Amino acid sequence: MKNIKMNLLIRTVMLAVMAAVATGTLFGQAGKGGKLVGTWDAVVTIRDCDTGAALNTFASIASFNHGGTSIGSTSGIPQANRTPEHGVWRHVRGHEYEFTFKTFSFSPTGAPVGYSIITHDIELDRGGDTYTSAGIAQIFLMNGVQVAQGCSDAVGTRFGF
């Protein structure tokens, strides 16, 4: 009798875990409906931090993966001069998230000259198919000395079939 109760308990717990994973509630990051996991097309606008004036606008693409990692690319800087974006993200609350990523920059001759760390706060819409974000970019020399800072915002749309 004790084994039957234990088997029933184990099966019940396993079914609950599988249902949570299938619906994305166990990790809080799967599917649509306010969840960030997936690939996103974005239009990024670089802004003057003091005035908010738009300085440049370009397309980017980013993937936010289960477990809190991300990778992306941009059309704003030639890929020969900059590595892809590698980063991390986390859920803050509700439809709010934040991410940070790092890229390395190269001179026209291919020599490494520095790196950038970009940090944004994201707000997903209720349907989970669009977002707005805003944040800063910190620009460093290879020795770690920060030489500049910039501001940007973005509008993203879930990429899919």
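Okay, so let's go over this structure. (Residues numbered from 1 in each chain as written. Predicted model: local features only at pLDDT ≥ 70, side-chain atom pairs only at ≥ 80, totals over all residues. Heavy atoms only, no water.)

**With respect to the side chain of Thr-74**
Note the threshold: Think of it this way: any DSSP run of H or I at least four residues long counts as a helix, any run of E at least two long counts as a strand, and we number them from the N terminus. Pairs of N or O atoms are called polar contacts if they sit within 3.5 Å, as long as, within protein, a hydrogen donor faces a hydrogen acceptor (for residues adjacent in sequence, only side-chain-to-side-chain pairs). Note on definitions: a residue-residue contact is assigned when non-hydrogen atoms from the two residues lie within 4.5 Å.
Inspection of the secondary structure puts Thr-74 in strand S3 (residues 69-74). Looking at Thr-74, its side chain comes within polar contact range of the side chain of Ser-60, at 2.9 Å. Excluding its chain neighbours within four sequence positions, the residues that come into contact with Thr-74 are Phe-58, Ala-59, Ser-60, Gln-79, Arg-82 and Glu-85.

**Comments concerning the state of the cysteines**
Keep this limit in mind: Note that a disulfide, as used here, is simply two cysteine sulfur atoms within 2.5 Å.
Under the counting rule described, the total for this entry stands at one disulfide. Across the disulfide from Cys-49 sits Cys-151; the S-S distance is 2.0 Å. The S-S bond linking Cys-49 to Cys-151 shows a torsion near 115°; that makes this disulfide right-handed. Of this pair, Cys-49 sits in the loop between strand S1 (38-47) and strand S2 (54-64) while Cys-151 sits in strand S8 (residues 146-158), and the two are 102 residues apart along the sequence.

**Some thoughts on the layout of surface pockets**
So the rule is basically this: A cavity here means a set of 1 Å grid points, computed over protein atoms only, where a 1.4 Å probe fits but cannot escape. A pocket is an open set with protein on both sides within 12 Å along at least 5 of 7 lines, and lining residues have an atom within 4 Å of a point. Grid points are joined across faces, edges and corners, and a volume is the space filled by probe spheres set on the points. Residue classes follow a fixed rule: Ala, Val, Leu, Ile, Met, Phe, Trp, Tyr, Cys and Pro count as nonpolar, while Asp, Glu, Lys and Arg count as charged, and any other residue, Gly among them, counts as polar.
Estimated volume of the largest pocket: approximately 590 Å³. The wall of the largest pocket is formed by 34 residues, among which Phe-58, Arg-82, Glu-85, Phe-101 and Ile-118 lie closest to the centre. For the lining of the largest pocket, the element with the most residues is S2, which contributes five residues. Here the residues of the lining of the largest pocket are counted per class, giving 18 nonpolar, 14 polar and two charged.

**Looking at the pattern of salt bridges**
Basically, it comes down to this: Salt bridge, as applied in this entry: a Lys or Arg side-chain nitrogen positioned within 4 Å of an Asp or Glu carboxyl oxygen. Here the term buried applies to any residue with accessible area under 20% of the maximum for its type, exposed to any over 50%, and partly exposed to those in between, with areas from a 1.4 Å probe on protein chains only.
Counted by the stated rule, this structure contains five salt bridges. One salt bridge connects Arg-90 with Glu-98, and the closest N-O pair in it is separated by 2.3 Å. What makes Arg-90 exposed here is its relative accessible area of 53%. Where Glu-96 meets Arg-93, a salt bridge forms, and the shortest distance between an N and an O atom there is 3.5 Å.

**Observations regarding the nonpolar core**
The nonpolar side chains of a soluble globular protein tend to be buried with one another. Put simply, the test is: Nonpolar cores were defined as sets of buried Ala, Val, Leu, Ile, Met, Phe, Trp, Tyr and Cys residues, with membership established by side-chain atoms within 4.5 Å.
Counting residues in each nonpolar core, the largest one holds 15 residues, and the members touching the most others are Leu-36, Phe-64, Trp-89, Ile-122 and Leu-124. Mapped by element, the contributors of at least two residues to this core are S1, S2, strand S5 (96-106), strand S6 (112-124) and strand S7 (130-141). In contact with Phe-64, other than residues within four places in its own chain, are Leu-36, Val-37, Gly-38, Trp-40, Thr-69, Ser-70, Trp-89, Phe-99 and Ile-122.

**Details of the sheet that holds S6**
How we decide: A pair of strands is considered paired only if DSSP assigns at least 2 bridges between the two. To get an axis, a line is fitted to the C-alpha atoms, and for a helix only the part in contact is used. The angle between two axes follows their N-to-C directions and goes from 0 to 180 degrees.
Pairing is antiparallel around the closed barrel formed by eight strands, whose spatial order is S1-S2-S3-S4-S5-S6-S7-S8. With direction set aside, neighbouring strand axes in the sheet form an average angle of 30°. Strand direction decides the pairing type here: S1 and S8, joined by eight bridges, are antiparallel. Following the sheet pairing, Ala-42 is matched in S8 by Gly-156.

**Side note on the side chain of Ser-63**
Structurally, Ser-63 is set in strand S2. Here Ser-63 falls in the buried class, since its relative accessible area comes to 18%. A distance of 2.8 Å separates a polar atom in the side chain of Ser-63 from a polar atom in the side chain of Thr-39. When neighbours within four sequence positions are excluded, Ser-63 is seen to be in contact with Gly-38, Thr-39, Thr-69, Ser-70 and Ile-71.

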